[in-house]
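Topology and contacts: notes
Here's the letter readout for the chains.
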4 protein chains.
Amino acid sequence: MTDQINRVVLAYSGGLDTSVILRWLQDTYACEVVTFTADLGQGEELEPAREKALLMGIKPEHVFIDDLREEFVRDYVYPMMRANALYEGLYLLGTSIARPLIAKRQIEIAAQVNADAVAHGATGKGNDQVRFELGYYALNPDIKVIAPWREWDLTSRTKLIEYAESRQIPIPRDKRGEAPFSTDANLLHTSSEGKVLEDPWDEVPDYVFSRTVNPEDAPDTPEVITIDFERGDAVAVNGEGLSPASLLARLNDLGRTHGIGRLDLVENRFVGMKSRGMYETPGGTILHAAHRAIEQLTLDRGAAHLKDELAPRYAELVYNGFWFSPEREMLQAAIDASQDKVTGTVRLKLYKGGVHVTGRRSPHSLYSEKVVTFEDDQGAYDQRDAAGFIKLNALRLRLLGRRDR
Amino acid sequence: MTDQINRVVLAYSGGLDTSVILRWLQDTYACEVVTFTADLGQGEELEPAREKALLMGIKPEHVFIDDLREEFVRDYVYPMMRANALYEGLYLLGTSIARPLIAKRQIEIAAQVNADAVAHGATGKGNDQVRFELGYYALNPDIKVIAPWREWDLTSRTKLIEYAESRQIPIPRDKRGEAPFSTDANLLHTSSEGKVLEDPWDEVPDYVFSRTVNPEDAPDTPEVITIDFERGDAVAVNGEGLSPASLLARLNDLGRTHGIGRLDLVENRFVGMKSRGMYETPGGTILHAAHRAIEQLTLDRGAAHLKDELAPRYAELVYNGFWFSPEREMLQAAIDASQDKVTGTVRLKLYKGGVHVTGRRSPHSLYSEKVVTFEDDQGAYDQRDAAGFIKLNALRLRLLGRRDR
Amino acid sequence: MTDQINRVVLAYSGGLDTSVILRWLQDTYACEVVTFTADLGQGEELEPAREKALLMGIKPEHVFIDDLREEFVRDYVYPMMRANALYEGLYLLGTSIARPLIAKRQIEIAAQVNADAVAHGATGKGNDQVRFELGYYALNPDIKVIAPWREWDLTSRTKLIEYAESRQIPIPRDKRGEAPFSTDANLLHTSSEGKVLEDPWDEVPDYVFSRTVNPEDAPDTPEVITIDFERGDAVAVNGEGLSPASLLARLNDLGRTHGIGRLDLVENRFVGMKSRGMYETPGGTILHAAHRAIEQLTLDRGAAHLKDELAPRYAELVYNGFWFSPEREMLQAAIDASQDKVTGTVRLKLYKGGVHVTGRRSPHSLYSEKVVTFEDDQGAYDQRDAAGFIKLNALRLRLLGRRDR
Amino acid sequence: MTDQINRVVLAYSGGLDTSVILRWLQDTYACEVVTFTADLGQGEELEPAREKALLMGIKPEHVFIDDLREEFVRDYVYPMMRANALYEGLYLLGTSIARPLIAKRQIEIAAQVNADAVAHGATGKGNDQVRFELGYYALNPDIKVIAPWREWDLTSRTKLIEYAESRQIPIPRDKRGEAPFSTDANLLHTSSEGKVLEDPWDEVPDYVFSRTVNPEDAPDTPEVITIDFERGDAVAVNGEGLSPASLLARLNDLGRTHGIGRLDLVENRFVGMKSRGMYETPGGTILHAAHRAIEQLTLDRGAAHLKDELAPRYAELVYNGFWFSPEREMLQAAIDASQDKVTGTVRLKLYKGGVHVTGRRSPHSLYSEKVVTFEDDQGAYDQRDAAGFIKLNALRLRLLGRRDR
């Protein structure tokens, strides 16, 4: 805290916590604060954030509000979807994938306004602090980073509220008490964790969900949709071409209606502890299933299996905050090199929380009815070849068997 | 075919195809045939197979009928479940995992009756021929293998029926025509492929499913169950201790009722082509979800992530038929070394085709509310540690950033 | 053999064996033979191959002799060197890497002369048949492939000589008897195997080596050289800029003199057996050591470790003949994405069979004396950060320790 | 530093630095110090450490001096050698592998003397602090750890010497000035780093080496030796059965004489920076080569390739200090499961810095001259099998080729 800070770019949501941080930065560092508020599809009005920032003395030219939805989906969500990345086999990485983009914009703004520091509102126990800060440092090794939650003494809700009151920061009525859980939202997902979710044996209460209907309340009739892919990326729903963000929003609507994409997970944080979270990833869950389905038809086995072996590592890197790292970029290069012909259409049935692939077709299909058929294949495949194939695959096992018996 | 065969152990189902094979072996090799029929939970009467074999001249002491259900689940399905193995991200390997056990018993019987050969009824295009034969050769490098479908000229249904008629082999009425698809079943799953399933764009017709109700016809009320695990293996359902096979059967009933475990997949066969299959794995799908859930609580991150990276390789080995191989055994050793504390209870909700984990608890839980809590953790975790953690993780990225800008 | 062949492109060395094959193809298939002889740096005159081909009735316009040395090193050896590929930890893949290029040229010539088949002289027990034919099929799925050694009945040296005599094929005096071992050579290496090498306990006799002096006979004075790299590829030796093939030739000379690059290996062939080979890879051994050294300075840890984990897979693919496969191309994309800054100079000492790196420098070095120094680093690194780093890395182990004691 | 410490177990070498630490602990924490000095084969007298400790007021029953050489080699070096572990492709992990054993003994002694803390003399920039402390925490999650170099203000040599003088700590004449480099030694290796080694372009000066003669000064005549292995571990040299530590010592003598095992490396530390080190691992280098050679003969390809893919991860874990982690133990389980038949004899030639395998034999050899021979194999291998093998391996590439042209 001894470092002299002149100007800091704060990732600012406009909510109580980051408003307290804004004031605390002004108080503690006697520095100029630049606010950055991103629309990543979290579904909140952003203009109130501008008003609040201005009220707290931020210069108009230092209030940055950006709609990053298309960039978010196109340059972060889509590349990750190409990888079929699932953290610990299940989690679609909705929070993780948003952090690098926020970090990148903060660093860009810092360059633009000549700021020497950046700040974020993530706590000291979570993964997000790591993701933000690895992003900051990777993009500007000399930037100063302020993480108020790790520095200040506002260690309880009561102290935070007192601080807000003492600084005339408006406190929404529902923020006075402890929230029963904490959330993060963007176009890809909403996550919830903490408090009522902390016992991993307790069922997640209904009121925690905000992005999906309960499968039991979803329509009794399935809905069948199609998704078109081009070179690994979804480009149309039900035949209608859509931009990345619009497409994901469309799938979110469909997923919400049908109760798709809820996940109750106990996961391993990078900082070394286990936590329990509830994720809702309606559109992403559909997209993931559809991408796997179109790859089934268009990816060669060698490419598909290599992807499957690389995917856990890729997911771990994204989860841990290493988006801007050489190894993530190397894996992305390998993955992207496989997607050139991942083009075609997948048909899915959405029903009561489930996504069921019911068909897929592609102009670049590697599936050959002629070869696979149970009927006469007219010489496309010579069954006698299998004898030699098996014999040579067995040779080492036979030599082994002879030795070991 | 020039090899002299004295006695051959045939994997015999009692159906038309293997009955034709039985006779063809007698005709072609002038050898004695020993039949082996296994109960792997496929849900068929086995005594008719005995009668048929006797009718076709097999000596009573050469008709082997074994109930292998417990061995199958305990020694094959359960070890595989410990690995969370999914072939190509989705397939629970129901057919693949049964083949090594059948191969093993054939080789054991061959030793017992002093046979010099084994035979199976798998075709020359599929994976099962590979799985059977790699198993045979691994367990007895000098065994002779007869694969009639790769050798004979009964290359059409018509020729097969003609052959059967000419040898007085009884032909069930429904076997005269071409079946609309082909199936394989055991306690873990039923697979269907071929014919009506050959166009991967066409939806799987309703009549293909035999092990699960259509999710749309499943009960409108969810059913909540618990599964208890001990050292990685499921041991009880709803608190009732069950043997491996009984437990899987119980989960199959539950899965059937709720329409769980249907999978429409285009997969890559080891022999080099893509095929489209429909799998129904009701109990296995529940078990897989539950095992992942109990691991979430009881496996350390290092163990969990290593398992996730090894799982695709493990699944590929099982799929390709390398169960009896040093590398599968090495992976199993690694996996089993992680399961010692994978003990506890998982609660799941079954509903309309979906399996939803809603809670998990364990006497060996690594989840620490004390550490993770949003509330005051009384020093269990020092948030300032995170600063150093991030700084050193960032160091290489900063050095990189300095170099590259 | 029932296929009608009109015109076949034969990989033709001009030696006795491929001359017999040439005639056998004419005799057996009554087809036109096109010969293709490549200069890959094997160190043999190629014009005699032309004369022989003409003598055997090949049309002048059907005799192809290409100098492929630059293409070989630039497009095959160099990409592989970027991967630090070592098969089974030791083998620099000298034979494996040449086969795809030969296959590619054969397929190109086949298209040019409108041939419907290709043929090679590799035996049925080795890896080369696989490498050639996987290359052929990948580049032209409809090409017919003739592998005389798997087809004909010239199964002993005596029969081969008799066939040659009966067809007036000139037989060099030293080819009448059995060669004491068999070799393959190109600019990267010479391999020797068979006969006198078949007992893996017997030391390789001195007369087997052809590319390197015995380390014991090498100069008593070390020779110090430098190699310059640009973007992962060697571009100069001792400051002198050289094309890829010239550079490798230069390093071969140096390696030969100093007895560098001999390897006595028992390896696992793709076809399932173990074989024992002696490899001499003088220049390649130097290049491999130098590339690793320049990467030490210029690759980030994340990139370096990912490369190390991918390298065995990459090597296996090259060894097994899957150069033209999506998975090799994906790995190459990942590897190449890491090489952008692999630029600089390595100094090496060559002495009595050893290659010793003694220094490396780079304009893109990531090594920071300022950070690493034992002396005062003026704040480049805060040692207290290490405490937090260790604490959070230890957290999961502590939770584990608490549970398990 | 606010924690109250009653008794601390210090890893004590008897040298100046750890003597200063000893006194500093007494001064700073007013606690009782227990010294632990291990003989890991570093080649120093240990009794002077006892005398010094007593002189500094340590109770006789609190001075622990253990000969851990056999345990070190048997339980740490040998398991690691089974893995063929090389960090970053080259480094035999000589320092890394010693730390867990020291940590384990410190924790054991702490339990025995009822100490509440442990301390070590590693600096805040290196890997060793991480290795020690991860070991401590894994084995006793509640232990307090004191790392003086990260805490005190003796940040220069001058201050350290002043502190020593002010406390009457004897200062060896050669320790007054700055050492030109820093070393660590045990039975496996000696490492040197810092100061004169800090410029990675500068050749390592001759006086840095202590464990090996310069290859140029090694005997002009090669020495041929044999090493016998049983189940993956070396058990005899030149036919003489030796305990693990004695065997490694014997190989060290041989390696020293012949100038074997010098390595000049720029490596990536876990704490995020690059460092340059010189390692001398004479016996370990011979052992590594020999173990690979006996595996060539006795390991199946599947096991061998899986080991090669796991080895970089294993090495990284050992390097980073995760010896006592579930994932290292899982990998060890996999590796050990492969070593059952790794028994036999390897012959090596040692000459002027080089280790050259010249032969290997085993009662469990998988090498079959009968199968591999160029001569008539009497049906051990049917070359026609290769045709089918290739055809089916090529099938996916052909389907791909058809699609993509």
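This structure is a prediction, so every number in the text was calculated from the model and none was measured. (Residues numbered from 1 in each chain as written. Chains lettered and ligands numbered in written order. Predicted model: local features only at pLDDT ≥ 70, side-chain atom pairs only at ≥ 80, totals over all residues. Heavy atoms only, no water.)

The next point concerns the relation of the copies chain B and chain A. Mapping chain B onto chain A leaves a residual RMSD of 0.0 Å; the transformation is a rotation of 180° accompanied by 0.0 Å of translation along its axis. Seen this way, the second copy is the image of the first under a two-fold rotation axis. (Least-squares fit on C-alpha atoms with pLDDT ≥ 70 in both.)

Most often, soluble globular proteins have nonpolar side chains that are buried together. Of all hydrophobic cores here, the largest spans 419 residues; its most connected members are A:Phe72, B:Phe72, C:Phe72, C:Ile286 and D:Phe72. With sequence-adjacent residues up to four places away left out, D:Phe72 is seen in contact with D:Leu40, D:Val77, D:Ile97, D:Ala98, D:Leu101, D:Asn186, D:Leu187 and D:Leu188. (Core = buried A, V, L, I, M, F, W, Y, C linked by side-chain atoms within 4.5 Å. Buried < 20%, exposed > 50% of the residue type's maximum accessible area, 1.4 Å probe, protein only. Contact = heavy atoms within 4.5 Å.)

On to the interface of chain B and chain A, then. Counting residues at the interface gives 100 residues for chain B, matched by 100 residues for chain A. Taken together, the two surfaces of chain B and chain A that pack against each other cover about 9400 Å², and 55% of this comes from carbon and sulfur. Linking chain B with chain A are 13 salt bridges, by the criterion used here. Salt-bridge contacts for B:Arg396 lead to A:Glu327; the nearest nitrogen and oxygen are separated by 2.5 Å. Summed over the shared surface of chain B and chain A, the number is 47 residue pairs in polar contact (both at pLDDT 80 or more). In terms of residues, the side of chain B that touches chain A owes the most to one element, helix α13 (residues 383–404) of chain B, which gives 15 residues. Each residue belonging to the side of chain B that touches chain A can be placed in one class, and the counts come to 40 nonpolar, 21 polar and 39 charged. (Buried area = accessible area lost by both parts, 1.4 Å probe. Salt bridge = Lys/Arg side-chain N within 4 Å of Asp/Glu carboxyl O. Polar contact = N/O pair within 3.5 Å; in protein donor to acceptor, adjacent residues only side chain to side chain. Helix = DSSP H or I, 4+ residues; strand = E, 2+ residues; numbered from the N terminus. Nonpolar A, V, L, I, M, F, W, Y, C, P; charged D, E, K, R; others polar.)

Here chain A is described as being made up of domain 1 (7–70 + 93–179), domain 2 (184–299 + 341–361) and domain 3 (369–404). For domain 1 of chain A and domain 3 of chain A, the distance between their C-alpha centres works out to 62 Å. (Domains from an automatic or database assignment.)

So, about the sheet that holds strand β4 (residues 117–119) of chain D. Residue and element names in this part refer to chain D. Read across the sheet, 5 strands follow the order β3-β2-β1-β4-β5 without closing on themselves; strand pairing throughout is parallel. Edge positions in the sheet fall to β3 (63–67) and β5 (144–146), since each has one partner strand and no second. Across this sheet, the average inter-strand angle for adjacent strands is 25°, counted without regard to direction. Sheet topology note: the strand β2 (residues 32–39)/β3 ladder contains 5 bridges and is parallel. Bridge assignment links alanine 38 to a residue of β3, and that residue is aspartate 66. Along the sheet, helix α2 (residues 47–55) contacts β2 and β3; its crossing angle with β3, the most-contacted strand, is approximately 170°. (Pairing = 2+ DSSP bridges. Axes fitted to C-alpha atoms, helices over the stretch in contact; angles between N-to-C directions.)

The final tally for this structure, using the stated rule, is 46 aromatic pairs over all chains. Both rings, one in B:Phe181 and one in B:Tyr207, keep their centres 6.2 Å apart while their planes meet at 35°; by these two values the pair is tilted. Of this pair, B:Phe181 sits in the loop between α7 (157–166) and β6 (182–185) while B:Tyr207 sits in the loop between β7 (190–193) and β8 (223–230), placing them 26 residues apart in sequence. By relative accessible area, which is 17% here, B:Phe181 ends up buried. Across from the ring centre of A:Tyr163, 4.0 Å away, lies the NZ or CZ of A:Arg167, which sits over that ring. Between D:Arg262 and the ring centre of D:Phe209, over which it is positioned, the NZ or CZ distance is 3.6 Å. (Phe/Tyr/Trp six-rings, centres within 6.5 Å; stacked < 30°, edge-to-face > 60°. Lys NZ or Arg CZ within 6 Å of the ring centre and 35° of its normal.)

What follows deals with the relation of the copies chain D and chain A. Turning chain D through 180° and shifting it by 0.0 Å along the axis lays it on chain A, with an RMSD of 0.0 Å. In this assembly, 100% of the residues forming the interface of chain D have copies in chain A that are likewise at the interface, indicating an isologous arrangement.

Before going further, it helps to examine the sheet that holds β7(B). Taken together, the 4 strands give an open sheet; going across it, the order is β6-β7-β12-β11 (chain B), and neighbouring strands pair in antiparallel fashion. Looking at strand neighbours, the two that pair on one side only are β6 and β11 (262–268) of chain B, the edges of this open sheet. Neighbour-to-neighbour, the strand axes of this sheet turn through a mean angle of 25°, independent of strand direction. Bridging between β6(B) and β7(B) involves 4 bridges; their strand directions are antiparallel. Looking across to β7(B), one finds that B:Ser182 is bridged to B:Glu193. Lying over the sheet, helix α9 (residues 282–298) of chain A contacts β11 and β12 (274–280) of chain B, oriented at roughly 35° with respect to β11(B).

Taken together, the 25 residues of chain D in the interface contact 25 residues of chain A. Of the charged contacts in the structure, one is a salt bridge between D:Lys341 and A:Asp404, with a shortest N-O distance of 2.9 Å. Looking at the side of chain D that touches chain A, the elements that each hand over two or more residues are α10 (301–320) and α13 (384–404) of chain D. In terms of residue count, the dominant contributor to the side of chain D that touches chain A is α13(D) (13 residues). A class-by-class count of the residues in the side of chain D that touches chain A yields 9 nonpolar, 7 polar and 9 charged.

A large share of helix α11 (residues 326–336) of chain C lies buried, amounting to 8 of its 11 residues. Considered for burial, the residues of α11(C) that qualify are C:Pro326, C:Glu327, C:Arg328, C:Met330, C:Leu331, C:Gln332, C:Ala334 and C:Ile335. If you follow the buried residues of α11(C), they end up packed against α10 (301–320) and α11 (326–336) of chain A, α3 (69–82) and α10 (301–320) of chain C together with α13 of chain D.

A word on the pattern of salt bridges. Evaluation of the coordinates by the stated rule reveals 147 salt bridges over all chains. Notably, a salt bridge pairs B:Glu47 with B:Arg50, separated by 2.8 Å at the nearest N-O pair. One end of the pair, B:Glu47, and the other, B:Arg50, are both in helix α2 (residues 47–55), 3 residues apart, so they sit about a helical turn from each other. Under the relative-accessibility criterion, B:Arg50 is labelled partly exposed at 28%. C:Arg82 is the salt-bridge partner of C:Asp336, the closest N and O atoms lying 3.1 Å from each other. Taken together, the residues span a long stretch of sequence, with C:Asp336 in helix α11 and C:Arg82 in helix α3 at a distance of 254 residues. Taking the relative accessible area as the measure of exposure, C:Arg82 reaches 12% and is therefore buried. Salt bridges linked by common partners bring A:Asp66, A:Glu71, A:Lys104, A:Arg105 and A:Glu108 together as one network.

The subject of this paragraph is unusual backbone geometry. Residue and element names in this part refer to chain D. For glutamine 168, which is not glycine, the phi torsion reads 60° and is therefore positive. Position of glutamine 168 relative to the elements: it lies in the loop between α7 (157–166) and β6 (182–185). Here the phi dihedral of lysine 352 falls at roughly 50°; this positive angle occurs in a residue that is not glycine. Within the element layout of this structure, lysine 352 appears in the loop between β13 (344–351) and β14 (354–361).

Next up on the list: the UniProt feature "binding site: L-aspartate" (unreviewed entry) in chain A. Listed under "binding site: L-aspartate" (unreviewed entry) in the UniProt record, and renumbered for this structure, are A:Thr123, A:Asn127 and A:Asp128. A:Thr123 sits in the partly exposed class, given a relative accessible area of 31%. Setting aside residues up to four positions removed in sequence, A:Thr123 forms contacts with A:Gln129, A:Trp149 and B:Gln383. Apart from the residues lying within four places of it in its own chain, the contact partners of A:Asn127 are A:Glu267, A:Arg269, A:Phe270, A:Val271 and A:Tyr319. (UniProt positions renumbered as here; feature names shortened; annotations may be inferred.)

As a further point, take the environment of D:Asn268. Tracing the backbone shows D:Asn268 in strand β11 (residues 262–268). The class of D:Asn268 is buried, set by a relative accessible area of 5%. A C-alpha to C-alpha distance of 10.0 Å links D:Asn268 and D:Tyr319, two positions 51 residues apart in sequence. Not counting residues within four places of it along the chain, the set of residues in contact with D:Asn268 comprises C:Leu299, C:Arg301, C:Ala304, D:Tyr87, D:Glu88, D:Met273, D:Lys274 and D:Tyr319. A polar contact is formed between the side chain of D:Asn268 and the side chain of D:Glu88, at a distance of 2.9 Å.

Glancing now at helix α13 (residues 383–404) of chain C. Residues and elements named next belong to chain C. Taking 1.5 Å of rise per residue, 22 residues should cover 32 Å, and α13 covers 32 Å from first to last C-alpha, within 8% of that figure. Where α13 bends most, the angle comes to about 40°, and this point is leucine 395. In terms of burial, α13 is largely enclosed, as 16 of its 22 residues are buried. The opening residue of α13, the one whose side-chain oxygen lies 2.9 Å from the backbone nitrogen of arginine 384, is aspartate 382. (Expected span 1.5 Å × (residues − 1). Bend = angle between axes of the 7 residues up to and from the residue.)

As a further point, take the environment of C:His305. Structurally, C:His305 can be placed in helix α10. Here C:His305 falls in the buried class, since its relative accessible area comes to 8%. Among residues more than four places away in sequence, those in contact with C:His305 are D:Tyr87, D:Glu88 and D:Glu316.

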